[in-house]
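# Coordinate analysis (summary)
For reference, the chains in residue letters:
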Amino acid sequence: MKALALLLAAGLAACSTVPAPFEEHLNGETAAEQDCARWYQALDDAIDEAKVRDAQDTRLTGFPYLRVDRFLASSRSQAATSESAMRVFAHRLLELDLEARAFELANLPTWRGSRKAALSRTSDCGRTLVALDLERAQAREQMREQAQVPDDYSMAARAVGLYPLTRFAFARGVQKWQAQTLEDFARPSTGGASRVRFEPPSQPGLTRSAVAGMLERARFDPLGQPVFTQREIELLAATYAPSLELSIAADYDRFGELRWRRGAATPEVNAAEPVVYVQRAYTRYGERTLLQLVYTLWFPERPKEGRIDLLAGRLDGLVWRVTLAPDGEPLLYDSIHPCGCYHQFFPTPRARLRPPPEPLDEWAFVPAVLPRVGAHERPLLSVDTGTHYIRDVKLVHGIDSLVHYSLRPYDELRSLPALEGGFRSVFGPDGLVAGTARAERFLFWPMGIASAGAMRQWGRQASAFIGRRHFDDADLIERRFDVQGVERQGIER
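What this report covers is the structure whose coordinates are included nearby. (Residues numbered from 1 in each chain as written. Predicted model: local features only at pLDDT ≥ 70, side-chain atom pairs only at ≥ 80, totals over all residues. Heavy atoms only, no water.)

### Looking at the overall build of the chain
Within the chain, the regular secondary structure consists of 14 helices and 18 strands. In summary, the chain has a C-alpha radius of gyration of 23 Å against a globular reference of 23 Å for 493 residues, a match within 12%. With respect to the principal axes defined by its C-alpha atoms, the chain has extents near 75 × 55 × 50 Å. Looking at the chain residue by residue over its 493 residues, the buried ones come to 52%. In the chain, the share of contacts with a sequence separation of at least 24, taken over all contacts with a separation of at least 6, comes to 67%. Carbon together with sulfur atoms contributes 55% to the accessible area of the chain, which is approximately 22200 Å² in total. (Helix = DSSP H or I, 4+ residues; strand = E, 2+ residues; numbered from the N terminus. Rg over C-alpha atoms; globule rule 2.2 N^0.38 Å. Buried < 20%, exposed > 50% of the residue type's maximum accessible area, 1.4 Å probe, protein only. Contact = heavy atoms within 4.5 Å. Areas by Shrake-Rupley, 256 points an atom, 1.4 Å probe, with all protein chains shown as cover.)

The following block contains the structure:
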């Protein structure tokens, strides 16, 4: 009954007579306002018709020139505290949309005129419409209200799949995998495949004091978020990048850059170019914003083990993330595969795990606790053949291999060159990588995750079958860990 009431409330809200801000722009007082609104209509029609919508960030209902991610959505209450905070909030929503528009325009198969000029007009019109919205109290309120990211769980699928009952069986499967992983971490590797060590680019890293200085800028931002130049992100990424020790039994264990082959529906891995894709992210801990660096590598496939393997399929990968304290020291690491699966945490002594509120839910699986990370140390990940599971993590000093990988921006994946001409995103409008569906989806659908096991885009990675959890939840760390040396008071979640 409660779910039905919520659905009815949502339906009534949709039927509200309050005009959406965009409708006001379409009927605006000036020709410039109306022209900008019609420009967005035409642009969206072209993007949707070509099926090149970028799904990383969520579009705001009534504001087609704004998008939001989970971290920025967590700033809604701060945006209401002052005029300057609201303006910064609105313009960051606009920046997220402009980033996505650049990829969508590049990926359009046809476009009359200059795409650069089209992006410039989109930027000008977006700023014009946002400026008008900020002058209207009702539009500002609606903007904050709409700046939310729906979770990636289907409540309808959970209802049809009798989730309250079926979750017990799935929980046993999760617990079995966790128990097996703990056993694997407890025993040494027995070989069976050649092991190759890959190191990050050999360049001087930043000092902890330099990183702390960069992070201190958040104190002066109305939303508490540090802003970095592209060069600073490159230096930070190289400073905290992991070393990799891979068990290589066949080509499916060789990671590399993603590229499009002519006429292919699924991108392929070019192992001749070992590449790790990197991006920045943020998480909240009380009144502080903590910087995160996210590293993603791609394998050609997860091969079959036996005649029937529900987990096998094209493309596989590994996502590794470090969360930094304000002083630049790593607090903890965590990892998933690009499907959102196999979420594991590797805390240091500065991050103490909290007990789960619900014993059955997937809370925070910790296969190993690491020591505090020294200024010249980096994690070394040992990765199994075939499954590409992490089977060990330890800290190492310096560089011990001549084999290096390169770091490239994760955003490259949102628009890659196609051999037949033009550009294509690795990800579809639903945030999934086409052709990577796993047979497990036929079994796991009652947990509410669309196409469970398929590779998916950042921002679309639900990371728990039992309960709800997303890899990019703004409060993911705050809810699960007590962190030493970071203020937590002041915000309740």
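So that's the structure; there's more coming.
### Brief notes about the pairing of strand E11 (residues 344-347)
Going residue by residue along E11, you find Gln344 and Phe346 tucked away on one face and Phe345 and Pro347 tucked away on the opposite face as well. When strand E10 (residues 330-336) meets E11, the two strands line up antiparallel, connected through four bridges. From the neighbouring strand, Leu332 faces E11, where its bridge partner is Pro347. (Pairing = 2+ DSSP bridges.)

### Concerning the pattern of salt bridges
Under the defined criterion, the tally for this structure stands at 40 salt bridges. Between Asp97 and Arg67 there is a salt bridge, with its nearest N and O atoms 2.7 Å apart. Remark: Arg67 occurs in strand E2 (residues 63-68) and Asp97 occurs in helix H6 (residues 83-107); sequence separation between them is 30 residues. Judged by relative accessible area, Asp97 falls into the buried class, the value being 0%. Arg217 is the salt-bridge partner of Glu232, the closest N and O atoms lying 2.5 Å from each other. With Glu232 in helix H12 (residues 230-240) and Arg217 in the loop between helix H11 (208-215) and H12, the pair connects residues that are 15 residues apart, well separated along the chain. Its relative accessible area of 12% is what places Glu232 among the buried residues. Salt bridges sharing partners connect three or more residues here, namely Asp44, Asp48, Arg53, Arg59, Arg67, Asp97, Arg101 and Glu104. (Salt bridge = Lys/Arg side-chain N within 4 Å of Asp/Glu carboxyl O.)

### What about the packing of helix H3 (residues 31-50) against helix H7 (residues 115-134)?
Contact pair H3 / H7: the axes reach a minimum separation of 9 Å and the direction vectors enclose 125°. Classified by the angle their axes make, H3 and H7 are oblique. H7 is crossed by H3, and the crossing has left-handed handedness. Along the contact surface, H3 presents Glu33, Asp35, Cys36, Ala37, Trp39, Tyr40 and Leu43, while H7 presents Ala118, Arg121, Thr122, Cys125, Gly126, Thr128, Leu129 and Leu132. Split by residue class, the contact of H3 with H7 holds nine nonpolar, three polar and three charged. (Axes fitted to C-alpha atoms, helices over the stretch in contact; angles between N-to-C directions. Parallel < 35°, antiparallel > 145°, perpendicular 65-115°, else oblique. Left-handed = near helix turned anticlockwise from the far one by under 90°. Nonpolar A, V, L, I, M, F, W, Y, C, P; charged D, E, K, R; others polar.)

### A closer look at empty space enclosed by the protein
Enumeration over the complete set of coordinates arrives at five cavities of 30 Å³ or more. Together, Arg302, Leu311, Asp316, His337, Cys339, Cys341, Tyr342, Arg438, Glu440, Gly453 and Met455 line the largest cavity. (1 Å grid on protein atoms, 1.4 Å probe; cavity = no way out; pocket = protein on both sides within 12 Å on 5 of 7 lines; lining within 4 Å. Points joined across faces, edges and corners; volume = space filled by probe spheres on them.)

### Brief notes about the state of the cysteines
Per the stated rule, a full pass over the model turns up two disulfides. Across the disulfide from Cys36 sits Cys125; the S-S distance is 2.3 Å. Across the S-S bond linking Cys36 and Cys125, the dihedral sits near -75°, which makes this disulfide left-handed. Taken together, the positions of Cys36 in helix H3 and Cys125 in helix H7 put the pair 89 residues apart, joining distant regions of the chain. Summarising the burial analysis for this pair, Cys36 and Cys125 share the class buried. Paired by a disulfide, Cys339 and Cys341 hold their sulfur atoms 2.2 Å apart. Residue classification places Cys339 among the buried positions, given a relative accessible area of 6%. (Disulfide = S-S within 2.5 Å.)

### Regarding the sheet that holds E11
As summarised here, the arrangement of the six strands in space is E11-E10-E9-E8-E7-E15, forming an open sheet in which the pairing is mixed. Edge strands, defined here as strands with exactly one partner in the open sheet, are E11 and strand E15 (406-409). Taking each pair of neighbouring strands and ignoring which way they run, the sheet shows an average axis angle of 30°.

### Quick notes on the side chain of Asn270
Here Asn270 lies in strand E6 (residues 268-270). By relative accessible area, Asn270 is classed as buried at 11%. When residues no more than four places from it in sequence are discounted, the contact partners of Asn270 are Gly256, Glu257 and Arg259.

### As for unusual backbone geometry
With a phi close to 60°, Lys51 is a non-glycine residue in the positive phi region. Take Lys51: it is sitting in the loop between H3 and strand E1 (58-60). With a relative accessible area of 62%, Lys51 lands in the exposed category. Positive phi values are uncommon outside glycine, yet Ser451 reaches one of about 50°. Tracing the sequence through the fold places Ser451 in the loop between helix H13 (441-444) and helix H14 (476-480).

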